Amino acid sequence: MKSPITRSLKFLLIMLVTLALCACSLPTRKQAVPPELIAKAEVVNMPGVRYIVGTEITEDHLREGLDSVKKERAYLATLASSDTQKLPPVNFLALSGGGDDGAFGAGLLCGWTKSGLRPEFKLVTGISTGALLAPFAFLGSKYDDALKQVFTEVTPIDIMQKRGPLAALFDDALADNEPLGQLVEKYVTPDMLKEIAAEYAKGRTLLMATTNLDARQAVIWNMGKIAARDNAAALDLFHKIMLASSAIPGAFPPVMIDVEANGQHFQEMHVDGGAISQAFIYPTTIKLSEVIKHQGLKRERRLYLIRNARLDPEREEVERLTLSIAGRAISALIQAQGVGDLYKIFTIAQRDDLDYNLAYIPKDFNALHKEEFDRAYMQQLFQTGYELAIKGYDWKKVPPGM
């Protein structure tokens, strides 16, 4: 019989070998963009498709917005019944993060269609799960069936594959989101990109946000402009951005994006846009009210903001364990950040004369949530949003507490 010491030495040897093997296959990356070049970095072979939040507004950024109005006028001119001199009211839609709570936004959109009141949106923005919702919302009710399927039929295995116990030490995430990548590829096809590009040509805009983890900066991507490139690289980048925007740091792998600056090649690490913000409409530095006044673009503007989360406090007895305490604290931080974003967007809406309309998960929704991407939970949440919209959703005109 082997002694306890012998067994312990054998176990230690196995662990050392395992660690050594893991160390040999640690994730690698190309050089990150130096600080002095961050503002100049562009996606390889695809310049001008994004805006780095925190940098100065350039003429190109302003021109993009004004060009959207020119495209809209040109499209309206093709419609016999339209008056291109008087621009029609426009609607903006902002879709927040929230994980599997995105089922609420999906249900609300589908019910909104059924009510006959859902408008076409000139601008659609999405972060995290909102980025997964955004292409369907942008293209309209013809994609409601697909939207419902994505947010009511998936299970955890359709989203992620758990990695081994040593992933926290020797890998870039606890789980692999390859299944989610396959789901994105299934629905976001070359044909869908052609449709998005066609709407972009009419002056409509689709934006998504990610977090550049190297720079700790939000990046807003012009998805319509990417789609308009109409090639395999555009489709690949579109998929990457959707995955990056929903790549929860530590849980899912970051998405590495090749960029260039001053003729040199680098690589950026992008993760969930929710690491910086839970929802957005456009950078605060773009003062739409001033642009409107300068260009004489008077028109009615309505903003619809769907927060895929509850806003009331949720009580839960926390175990006196490190991970439970940390997890609960991070959850509280995200909720507080999300409420703060609602106020931030409200302030922008007041400044730029946007009619503010807010929706969120009602406090009386209490379905059992067993795990992330729990199908039964998502189906009930979808139905809740659907039924609220059919009845004519009672949009809130101010953030909670005002």
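Above this text you will find the structure in question.
Right, let's walk through the structure included here. Treat the numbers as computed from the prediction; the structure is a model and nothing was measured. Counting restarts for each chain: residues are numbered from 1 in the order of the written sequence. Only residues with pLDDT of at least 70 are given local features in this predicted model, and only at 80 or more are side-chain atom pairs given and counted; all residues enter the totals for whole chains, interfaces and linings. By convention in this description, side-chain values take in all heavy atoms of the structure and omit both hydrogens and water.

### Concerning the overall build of the chain
Put simply, DSSP H or I for four residues or longer makes a helix, DSSP E for two residues or longer makes a strand, and each gets a number counted from the N terminus. When helices and strands are counted, the chain shows 13 helices and 12 strands. The globule rule is 2.2 Å times the number of residues to the power 0.38, and the radius of gyration it is compared with is taken over C-alpha atoms. Here the C-alpha atoms of the chain give a radius of gyration of 23 Å, agreeing with the 21 Å that 2.2 N^0.38 yields for 402 residues. By principal-axis analysis of the C-alpha atoms, the chain measures approximately 95 × 55 × 40 Å. Any residue under 20% of the maximum accessible area for its type is buried, any over 50% is exposed, and the rest in between are partly exposed; the area is computed with a 1.4 Å probe on protein chains only. Burial statistics for the chain: of 402 residues in total, 47% are counted as buried. Of the contacts made within the chain by residues no fewer than 6 positions apart, 77% connect residues no fewer than 24 positions apart. The accessible surface values rely on the Shrake-Rupley method and a 1.4 Å probe; as for residues, cover is taken only from the protein chains in view. Accessible surface, the chain: about 20,800 Å² in total, of which carbon and sulfur atoms supply 56%. Under the counting rule used here, the positive set is Lys and Arg, the negative set is Asp and Glu, and His together with the chain ends is not counted. Charged side chains are reduced to one point each, which is NZ for Lys, CZ for Arg, CG for Asp and CD for Glu. Here the chain contributes 46 positive and 48 negative side-chain charges, whose respective centroids are spaced 2 Å apart. Contact definition: two residues touch when any of their heavy atoms are within 4.5 Å.

### As for the pattern of salt bridges
One speaks of a salt bridge when a side-chain nitrogen belonging to Lys or Arg is within 4 Å of a carboxyl oxygen belonging to Asp or Glu. Considering all chains together, one arrives at 20 salt bridges under this definition. Among the ionic pairs, Glu64 bridges to Lys225, the shortest N-O distance being 3.6 Å. Here the residue Glu64 occupies a position in helix α2 (residues 59-77), and Lys225 occupies one in helix α9 (residues 223-227), the gap between them amounting to 161 residues. On the basis of relative accessible area, Lys225 is assigned to the partly exposed category, the value being 23%.

### A short note on the packing of aromatic side chains
Note on aromatic contacts: the rings of Phe and Tyr and the six-membered ring of Trp form a pair at centre separations within 6.5 Å, being stacked when their planes are under 30 degrees apart, edge-to-face when over 60 apart, and tilted otherwise. Tallied over the entire structure, the rule returns 11 aromatic pairs. A ring pair is formed by Phe382 and Tyr386, whose centres lie 6.2 Å apart and whose planes are at 15 degrees; its orientation type is stacked. Residue Phe382 and its partner Tyr386 are both found in helix α13 (residues 375-390); the two are separated by four residues, about one turn of the helix. The same class applies to Phe382 as to Tyr386, namely buried. We count a charge as sitting over a ring when the NZ of a lysine or the CZ of an arginine lies within 6 Å of the ring centre and within 35 degrees of the ring normal. A cation over a ring is seen here: Lys71 above Tyr200, with NZ or CZ 3.6 Å from the ring centre. Over the ring of Phe138 we find Arg204; its NZ or CZ atom is 4.2 Å from the centre of that ring.

### What to know about the packing of helix α4 (residues 129-139) against helix α5 (residues 144-152)
Angles shown run from 0 to 180 degrees and are taken between the N-to-C directions of axes, each axis being a line fitted to C-alpha atoms and, for helices, limited to the stretch in contact. Where α4 contacts α5, the axes come no closer than 9 Å and their chain directions differ by 160 degrees. Taken together, the axes of α4 and α5 lie roughly antiparallel to each other. The interaxial crossing formed by α4 with α5 has right-handed handedness. Facing α4, whose interface residues are Thr129, Leu132, Leu133 and Phe136, α5 presents Ala146, Leu147, Val150 and Phe151. Roughly parallel covers angles under 35 degrees, roughly antiparallel covers those over 145, roughly perpendicular covers 65 to 115, and oblique covers all other angles. Here a crossing is called left-handed whenever its near helix is offset anticlockwise from the far helix by less than a right angle, and right-handed whenever the offset is clockwise.

### Topic: α13
For a helix, the expected span equals 1.5 Å multiplied by the number of residues minus one. Spanning 16 residues, α13 covers 22 Å between terminal C-alpha atoms, matching the ideal 22 Å at 1.5 Å per step. Of the positions making up α13, those classed as buried are Tyr377, Met378, Leu381, Phe382, Thr384, Gly385, Tyr386 and Ala389. Packed against the buried residues of α13 are α3 (102-115), α5 and β12 (355-361). Polar contact criterion, stated in full: a pair of N or O atoms within 3.5 Å, where within protein one must be able to donate a hydrogen and the other to accept it, and residues adjacent in sequence count only if both atoms are side-chain atoms. Among the residues of α13, the N-terminal cap falls to Asp374, whose side-chain oxygen and the backbone nitrogen of Ala376 are separated by 3.1 Å. Directly beyond the C-terminal end of α13, a positive phi value near 95 degrees is found at Gly392.

### What to know about the packing of α4 against helix α8 (residues 190-201)
Running from amino to carboxyl end, α4 crosses α8 at an angle of 60 degrees, the nearest separation of the two axes being 10 Å. If you check the angle between α4 and α8, you find them oblique. Relative to α8, α4 is oriented so that their crossing is left-handed. Here Pro135, Phe136, Phe138 and Leu139 of α4 come into contact with α8, specifically with Met192, Glu195, Ile196 and Glu199. The class makeup of the residues in the contact of α4 with α8 is six nonpolar, no polar and two charged. The residue classification treats Ala, Val, Leu, Ile, Met, Phe, Trp, Tyr, Cys and Pro as nonpolar and Asp, Glu, Lys and Arg as charged. All others, Gly included, are polar.

### Description of unusual backbone geometry
Positive phi is not limited to glycine here, since Asp230 has a value of about 50 degrees. The residue Asp230 is located in the loop between α9 and α10 (232-245) in this model. Its identity is not glycine, yet Phe373 carries a phi of approximately 60 degrees, on the positive side. Residue placement: Phe373 occurs in the loop between β12 and α13.

### Topic: the side chain of Lys122
Along the chain, the position of Lys122 falls in the loop between α3 and β4 (123-127). In contact with Lys122, not counting residues within four places along its chain, are Ser68, Glu72, Val90, Asn91, Phe92, Gly203, Arg204, Thr205 and Arg299.

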